[in-house]
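Fold and geometry: a report
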Amino acid sequence: MLDAMDVMLYSLVLAYLIREFSMSTSTAGLLNSLTLVASAIGGFLFGIIADRIGRTRALMASIFVYSIASAACGFSHSIPQLAAFRFLLGLGMGGEWTTAAALIAETWRPEHRGKALGLMQSAYAIGEAVAALVVAFVLPHFGWRAVFFVGVLPALILFWIWRSVPESAVWQRRRAQPKPAVLSRLLQGDVLRNGLLATAMNACSMFGYWGLFTWIPAYLSLPVSQGGRGLSLVKTTAFFVVLTAGKWVGYALFGFFADAFGRRKPYFAYLIIAAALVPLYGLAHSPFWLFVLGPLVAFFGTGFFSGYAAIASEIFPGEIRASAMGLSYNIGRGLSAAAPFAVGALAARFGLGPAFFLQAAAFFAAALLALTLPETLGRHLD
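Residues numbered from 1 in each chain as written. Predicted model: local features only at pLDDT ≥ 70, side-chain atom pairs only at ≥ 80, totals over all residues. Heavy atoms only, no water.

With that settled, the discussion passes to the packing of helix α3 (residues 25–53) against helix α5 (residues 79–107). Relative orientation of the contacting elements α3 and α5 amounts to 40 degrees, with a least axis distance of 5 Å. When the interaxial angle is binned, α3 and α5 end up oblique. Viewed along their axes, α3 and α5 form a crossing whose handedness is right-handed. (Axes fitted to C-alpha atoms, helices over the stretch in contact; angles between N-to-C directions. Helix = DSSP H or I, 4+ residues; strand = E, 2+ residues; numbered from the N terminus. Parallel < 35°, antiparallel > 145°, perpendicular 65-115°, else oblique. Left-handed = near helix turned anticlockwise from the far one by under 90°.)

What follows is the structure, given as structure tokens:
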């Protein structure tokens with residue numbers, strides 16, 4: 001939830017940053033792409049840390065990094081400064097998912113693992129709604145810098161994690177065992193095959209996600225002459241909160257579908273439906289259709305995220321689980337970093353709505369790749 005809040009603050013004030021720094025849409029997208037590249041690096045680094053020192057301590061370190069970096073964005077007075085702070089935020093953002101997903105996967109029993117990870121992932125939508133409310137209340141009175149200052153608040157949760165969240169028992173049983181070379185283990189047999197397929201699938205799905213949801217707030221709020229839909233701040237906030245409600249339901253229900261029908265089928269279904277809905281949303285002009293289609297796009301276009309943690313935690317061996325999950329997830333996220341820039345570049349020529357067709361194609365490719373992975377429902381983790 002708090003990770004999402006900090007990440008989304010940028011997207012929600014993006015239109016104001018474009019004016020403040022006289023940025024083009026291409027540059028604005030490039031800054032978010034830089035954050036995603038950093039998340040790929042951070043996910044792998046924090047994954048290695050989590051396999052060495054434990055899930056909870058690595059989790060605390062990642063939260064500290066992205067919280068401080070988010071607040072630092074409020075002190076930016078140039079595009080290079082903002083880019084540097086967004087890069088640091090990306091390092092912590094990538095590490096947070098890696099460590100948290102490994103902790104949850106190793107804590108819950110197989111028959112409920114999908115639901116637990118789905119509910120964890122669903123908090124991302126709550127965080128985005130919180131970010132929208134923060135922007136709605138803070139931005140008109142204190143400006144965009146104060147919005148980023150609010151981003152330091154997640155650091156307060158470190159005290160609760162330190163005092164109250166136990167370490168994974170699975171990790172504790174393995175800590176005395178010899179540590180394998182991560183790279184050599186990743187290159188072995190099915191680990192390599194499944195890792196490459198999962199990474200490609202994740203790259204395509206997140207290319208669709210980041211390209212779409214980085215730009216939706218600007219798509220709603222920018223003037224029609226700039227390819228947006230010209231909604232006011234109040235309407236944009238209201239539409240975005242309704243959209244995040246669709247995200248939350250999509251995230252949460254995916255876990256139940258995954259525990260009932262397996263990991264692959266729901267993942268495929270979500271992405272195929274998202275591929276069909278995104279073009280309709282991009283072509284919608286009336287507030288009514290934007291309001292109706294938004295939650296549906298959010299449901300299917302984000303809910304699939306809940307499946308990746310279950311898939312990745314169950315296809316990788318325990319001794320390198322966090323490292324492999326972090327590498328696979330965040331290489332995928334790093335490759336998807338081109339999406340915000342690509343959408344911004346296409347928007348400069350065709351408008352934001354037509355640019356979303358690229359994201360529909362990415363969702364479709366991810367759906368096909370999902371069918372190539374093995375089904376892992378009910379697998380016990382070592």
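A separate point is the nonpolar core. Leu17, Tyr267 and Tyr281 are the most contacted members of the largest nonpolar core, which has 108 residues in total. For tyrosine 267, the contacting residues outside a window of four places in its chain are Met201, Ser205, Phe254, Phe304, Gly307, Tyr308, Ile311 and Ala370. (Core = buried A, V, L, I, M, F, W, Y, C linked by side-chain atoms within 4.5 Å. Buried < 20%, exposed > 50% of the residue type's maximum accessible area, 1.4 Å probe, protein only. Contact = heavy atoms within 4.5 Å.)

Even without being glycine, serine 22 reaches a positive phi, approximately 55 degrees. For serine 22, a relative accessible area of 65% corresponds to the exposed category.

Next up on the list: the packing of α5 against helix α6 (residues 110–142). Where α5 meets α6, the closest approach of the two axes is 9 Å, and the angle between their N-to-C directions is 150 degrees. One finds that α5 runs roughly antiparallel with respect to α6. When you trace α5 past α6, the crossing you get is right-handed. Here Trp97, Ala100, Ala101, Ile104 and Ala105 of α5 lie close against α6, whose contacting residues are Arg113, Ala116, Leu117, Met120 and Gln121. Among the residues making up the contact of α5 with α6, the classes are represented as eight nonpolar, one polar and one charged. (Nonpolar A, V, L, I, M, F, W, Y, C, P; charged D, E, K, R; others polar.)

Look at helix α4 (residues 55–73): 28 Å from first C-alpha to last across 19 residues, which is about the 27 Å you get at 1.5 Å a residue. Summarising burial for α4: 14 of the 19 residues are buried, a large majority. (Expected span 1.5 Å × (residues − 1).)

A complete count under the given rule lists 17 aromatic pairs for this structure. Geometrically, the ring pair formed by tyrosine 209 and phenylalanine 305 is edge-to-face, given 4.9 Å between the ring centres and 90 degrees between the ring planes. One end of the pair, tyrosine 209, is in helix α11 (residues 189–213); the other, phenylalanine 305, is in helix α16 (residues 305–315), with 96 residues separating them in the sequence. On the basis of relative accessible area, phenylalanine 305 is assigned to the buried category, the value being 3%. Between the aromatic rings of phenylalanine 254 and tyrosine 270, the centroid separation amounts to 5.0 Å while the plane-to-plane angle is 80 degrees, which identifies the pairing as edge-to-face. One end of the pair, phenylalanine 254, is in helix α13 (residues 233–261); the other, tyrosine 270, is in helix α14 (residues 264–283), with 16 residues separating them in the sequence. Summarising the burial analysis for this pair, phenylalanine 254 and tyrosine 270 share the class buried. Here the aromatic cluster, defined as three or more aromatic residues joined through ring pairs, consists of Tyr209, Trp210, Phe213, Phe254, Phe257, Tyr267, Tyr270, Phe299, Phe300, Phe304, Phe305 and Phe363. The residue whose ring lies beneath arginine 19 is tyrosine 16, and the NZ or CZ to ring-centre distance is 4.8 Å. When the ring centre of phenylalanine 213 is taken as origin, the NZ or CZ atom of lysine 247, which lies over that ring, is 4.1 Å away. (Phe/Tyr/Trp six-rings, centres within 6.5 Å; stacked < 30°, edge-to-face > 60°. Lys NZ or Arg CZ within 6 Å of the ring centre and 35° of its normal.)

So, about the pattern of salt bridges. One pass over the full model with this rule turns up six salt bridges. The shortest N-O distance in the salt bridge between arginine 55 and aspartate 51 comes to 2.7 Å. Each member of the pair arginine 55 and aspartate 51 is classed as buried. Of the charged contacts in the structure, one is a salt bridge between arginine 263 and aspartate 259, with a shortest N-O distance of 2.9 Å. Both residues of the pair, arginine 263 and aspartate 259, count as buried. Three or more residues are tied together by salt bridges with common partners; here these are Asp51, Arg55 and Glu106. (Salt bridge = Lys/Arg side-chain N within 4 Å of Asp/Glu carboxyl O.)

Mapped onto the elements of the fold, asparagine 194 is located in helix α11. Owing to a relative accessible area of 9%, asparagine 194 belongs among the buried residues under this scheme. Separated by 2.8 Å, the side chains of asparagine 194 and arginine 193 make a polar contact. Apart from residues lying up to four places away in sequence, asparagine 194 is in contact with Ile315, Leu373 and Pro374. (Polar contact = N/O pair within 3.5 Å; in protein donor to acceptor, adjacent residues only side chain to side chain.)

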